[in-house]
Amino acid sequence: MTNIPRRTTITTHIGNVSVGSCHPVVVQSMTNTDTADVPGTVEQVSALAEAGSELVRVTVNNDAAAQAVPTIVEQLEDRGVSVPIIGDFHYNGHILLTKFPDCARALAKYRINPGNVGSKRRDENFQAIIAVALEHDKPVRIGVNWGSLDQDLLTRMMDQNAGLPQPKDARDVMIDAMIESALRSAELAEDSGLGHDRIVISAKVSGVQDLIEVYRLLAARCDYPLHLGLTEAGMGAKGVVASTAGMSVLLQEGIGDTIRVSLTPAPGGDRTEEVRVAQQILQSMGLRSFTPQVTACPGCGRTTSSFFQEMAQDIEGYIREKMPEWRRERPGVADMSVAVMGCVVNGPGESKHANLGISLPGTAEEPKAPVYVDGALHTTLKGDHIVAELRKPTRLPTHCRFRPASPQGTGQTARSPVGLDAFPLDQPWAALPVLFGAGVLTSLTPCIYPMIPITAAILGGAGSRERSRWGTVLATASYVVGLALVYASLGLLAGLTGTLFGTVSANPWAYFTMGTVLLLFGLVMLDVVPLPLPQRLLQWASSRGGESYGALFLMGATSGLVAAPCGAPAFAAVLIWVGGSQSAVWGFLYLFVFSLGMTALLVAVGLLSGTAAALPRAGSWTLWVKRGGAVVLFAMAGFYFIKMGQVL
């Protein structure tokens, strides 16, 4: 990603989305359905969210719309759509929010236009909305539009300007009035009790140069997050170009924390187009990644056939169709790049720079198409079914590691930001035996190995009543499940809260935390730093180990805590990958299998006679394993500290 310094702002939390300079620029959109039409609005919000909109605004203009909002939010949750819903209020927002508290509670944010909350009772009506926001702990966006500017404020400022020796242009006075309206409203909101971090501001106009000027001035006078967008961008190419021209300048200067491209759709047109345009603006600037990028040459006299244009179009459509699935199952897919080139001039070179590149034959060229994967020739396709070939599981996209595309001209694929390039992302089942083996190796470390004979004796009933064979099996199972569930719960947590581990590549403090934990565990393995609590828990659990299966379960769980320093390298790799994929199922399964590997020797000793005698005794070799493990932990900690410095 491009490192563009952002204007420093506070962070505002809108439902499960954080907005501000410490977070990626957020894409939002707005429905054009009648909000009272619950099924239609639910369908459109779902489509916008699936397209990638991270915030969705709905009109709340009458009683029917306000009554529909809670049902809309409930039905979206039933569908698994968690996008925050923002209420857009004009003229009667203070009435609707007070009259329909369920609506106020269901919305994630209120959008207020200070220019149309009333004239005689403007401040009173505005404060009524703020009071509802305070009651329900909701943020607000103070959205000023030059088409509905506070006329009293504008008239007063125009009169003041007219009395100046050198009056400003009317356009400049209007821009000043927009900024004053926004900032005065924010001040009134804070004076009414709303927190400074619960306010987002926008000042929308229709002209590109006006947009740039008003936001530059506004950005210099406050630290609120800013929402960018032309208030009426227009239709088709005009709307796309105008929005891109205006917002790109501001984003390049670090101004803007959420964006919307307000396209006018054709009758019956696709509302999600505005989401894709907003995403493409951010991705083209290198600010975020949303979908694999398809590069295609424009064509010339060497490419009289339309085959490569049709192929590029087919691939883009296929990627768009599969992205909802890939986004869930294949972390990093948004960074993938695809090149579809039309002839031999630039085809091979451009194809090598992409994760997946195909160089089609031009007119009169030999009818073959070399396919490059991560800069290397992968295969050569021939015939009329090249797109179908690329769609096969072995082609697009499962063969790629979903790492960022190579820097221009290097021919080398960029490394994964968390260093997990070799992790089997393409075939998640293939990781299970690897993780089981890693668990077995971890059991040879000094955290676990010396405990195996003692633990096996407790599980067999030594020191109390001798257990039957089935009793030993149940006791061993209780211990193993207790230990396994401790680690599996970490994997489950990482998958459910992907933001905890999955943001490592963007958050320097995540790197710092991981590096510090690994450094601490390394010092524990060298006995430099004591970690007495898990040992004491284990001693207490061991003292009760022969009493009940519940005590054995607890003993297994506490053993997992004792073994944590030796398992830290595997935890770091698995938790980061699982957090990024946000797959709770894989998170649980991966660390459960890893912990089964850790207990494999224990199970063998407890259930198979003679196994304990065959194992080498703990001695000086375990000390060297311990020291070697500490070195590995220090190296991994150093890697994360280096990555922290690079992000900063």
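This text goes with the structure placed above it.
The structure presented is a predicted model; accordingly, all values stated were derived computationally and were not measured.

A. Summary view of the overall build of the chain. Scanning the chain from terminus to terminus reveals 25 helices and 17 strands. Buried positions account for 51% of the 648 residues belonging to the chain. Once local pairs closer than 6 in sequence are excluded, the contacts in the chain between residues at least 24 apart make up 70%. Of the roughly 29,100 Å² that the chain leaves accessible, carbon and sulfur atoms contribute 58%.

B. Structural view of the packing of aromatic side chains. This model, assessed by the stated rule, comprises one aromatic pair. Arranged with centres 6.1 Å apart and planes meeting at 90 degrees, the rings of F89 and Y110 form a pair that is edge-to-face. With F89 in strand 5 (residues 85-89) and Y110 in strand 6 (residues 109-112), this pair connects stretches of sequence that are 21 residues apart. One exposure class covers both F89 and Y110, and it is buried.

C. Main features of the pairing of strand 8 (residues 199-204). With six of six residues buried, strand 8 is to be regarded as a mostly interior element. The alternating pattern of strand 8 places I199, I201 and A203 and V200, S202 and K204 on opposite faces, both of which are buried.

D. Focus on the pairing of strand 15 (residues 356-359). The alternating pattern of strand 15 places L356 and I358 and G357 and S359 on opposite faces, both of which are buried. Of the strand pairs in this sheet, strand 14 (residues 337-341) and strand 15 are connected by four bridges, and their pairing is parallel. Along strand 15, the bridge assignment pairs V340 with I358.

E. Seen up close, the sheet that holds strand 7 (residues 140-145). Taken together, the eight strands give an open sheet; going across it, the order is 8-7-6-5-4-3-11-9, and neighbouring strands pair in parallel fashion. Every interior strand has two partners, whereas the edge strands, strand 8 and strand 9 (227-228), have only one. Bridge count for strand 4 (residues 55-59) against strand 5 is four bridges, and the pairing is parallel. Across the sheet, the residue bridging to V56 is I85, located in strand 5. Helix-sheet contacts for helix 10 (residues 273-284) involve strand 3 (26-30) and strand 11 (258-259), and the interaxial angle to strand 3 is about 160 degrees.

F. Representation of the nonpolar core. Core analysis: the largest hydrophobic core is formed by 86 residues, its most contacted members being I85, Y110, V140, I199, I201 and L251. With ten residues, helix 7 (residues 170-191) is the single largest residue contributor to this core. With 19 residues, the next largest nonpolar core counts W326, V338, V340 and L356 among its residues.

G. Structural detail: the environment of D150. Here D150 lies in the loop between strand 7 and helix 6 (151-162). Exposure remark for D150: the relative accessible area of 9% places this residue in the buried category. Taking the C-alpha atoms as reference, D150 lies 9.2 Å from G118; in sequence the two are 32 residues apart. A polar contact is formed between the side chain of D150 and the backbone nitrogen of D152, at a distance of 3.1 Å.

H. Molecular detail of the sheet that holds strand 16 (residues 369-373). Spatially, the five strands line up as an open sheet ordered 13-14-15-16-17, and their pairing is mixed. Of all strands in the sheet, those bounded by a partner on one side alone are strand 13 (293-296) and strand 17 (376-381). Averaged over all pairs of adjacent strands, the angle between their axes in this sheet comes to 15 degrees, without regard to strand direction. Sheet topology note: the strand 15/strand 16 ladder contains three bridges and is antiparallel.

I. Looking closely at the packing of helix 7 against helix 8 (residues 208-221). Packing of helix 7 against helix 8 brings their axes to within 10 Å, and their N-to-C directions diverge by 45 degrees. Considered as vectors, helix 7 and helix 8 are oriented oblique to each other. The handedness of the crossing between helix 7 and helix 8 is right-handed. Mapping the contact onto sequence places R171, D172, I175, I179, E180 and L183 in helix 7 and Q209, D210, E213, V214, L217, L218 and R221 in helix 8. Within the contact of helix 7 with helix 8, the residues separate by chemical class into six nonpolar, one polar and six charged.

J. A look at the pattern of salt bridges. As enumerated under the stated definition, the model contains 22 salt bridges in all. Between K99 and D63 there is a salt bridge, with the nearest N and O atoms lying 2.7 Å from each other. Taken as a pair, K99 in helix 3 (residues 93-99) and D63 in helix 2 (residues 63-78) lie far apart in primary sequence, 36 residues in all. Overall, D63 belongs to the partly exposed group, its relative accessible area being 33%. R184 serves as the salt-bridge partner of E180, at 3.4 Å between the closest nitrogen and oxygen. Placement of the pair is E180 and R184 together in helix 7, with a separation of four residues, close to one helical turn. Of the residues examined, R184 reaches a relative accessible area of 42% and is grouped as partly exposed. Taken together, the shared-partner salt bridges connect R171, D172, D210 and E213 into one network.

K. Molecular detail of helix 7. Taking 1.5 Å per residue, 22 residues should reach 32 Å; helix 7 reaches 31 Å between its end C-alpha atoms and fits that length. Where helix 7 begins, the side chain of D169 points an oxygen toward the backbone nitrogen of R171, at a separation of 2.8 Å. Of the residues flanking the end of helix 7, it is G193, one or two places downstream, whose phi is positive at about 115 degrees.

L. Broad picture of unusual backbone geometry. The backbone phi angle of Y91 is positive, close to 70 degrees, even though this residue is not glycine. Topologically, Y91 is positioned in the loop between strand 5 and helix 3. Residue classification places Y91 among the exposed residues on the basis of a relative accessible area of 62%. Positive phi, close to 55 degrees, is recorded for D137, a residue that is not glycine. Here D137 is to be found in the loop between helix 5 (122-136) and strand 7. Taking relative accessible area as the criterion, D137 reaches 56% and is therefore assigned exposed.

M. A look at the side chain of N145. For N145, the position within the fold is in strand 7. A polar side-chain atom of N145 sits 2.9 Å from a polar atom in the side chain of T231. If near-sequence neighbours (up to four positions away) are discounted, N145 is found in contact with R111, N113, M178, K204 and T231.

N. Region of interest: the environment of S289. The topology assignment puts S289 in the loop between helix 10 and strand 13. Linking S289 and V333, residues 44 residues apart in sequence, is a C-alpha distance of 8.9 Å. A polar contact of 2.6 Å, which involves the side chain of S289, links it to the side chain of D335.

Conventions and cut-offs
Residues numbered from 1 in each chain as written. Predicted model: local features only at pLDDT ≥ 70, side-chain atom pairs only at ≥ 80, totals over all residues. Heavy atoms only, no water. Helix = DSSP H or I, 4+ residues; strand = E, 2+ residues; numbered from the N terminus. Buried < 20%, exposed > 50% of the residue type's maximum accessible area, 1.4 Å probe, protein only. Contact = heavy atoms within 4.5 Å. Areas by Shrake-Rupley, 256 points an atom, 1.4 Å probe, with all protein chains shown as cover. Phe/Tyr/Trp six-rings, centres within 6.5 Å; stacked < 30°, edge-to-face > 60°. Pairing = 2+ DSSP bridges. Axes fitted to C-alpha atoms, helices over the stretch in contact; angles between N-to-C directions. Core = buried A, V, L, I, M, F, W, Y, C linked by side-chain atoms within 4.5 Å. Polar contact = N/O pair within 3.5 Å; in protein donor to acceptor, adjacent residues only side chain to side chain. Parallel < 35°, antiparallel > 145°, perpendicular 65-115°, else oblique. Left-handed = near helix turned anticlockwise from the far one by under 90°. Nonpolar A, V, L, I, M, F, W, Y, C, P; charged D, E, K, R; others polar. Salt bridge = Lys/Arg side-chain N within 4 Å of Asp/Glu carboxyl O. Expected span 1.5 Å × (residues − 1).

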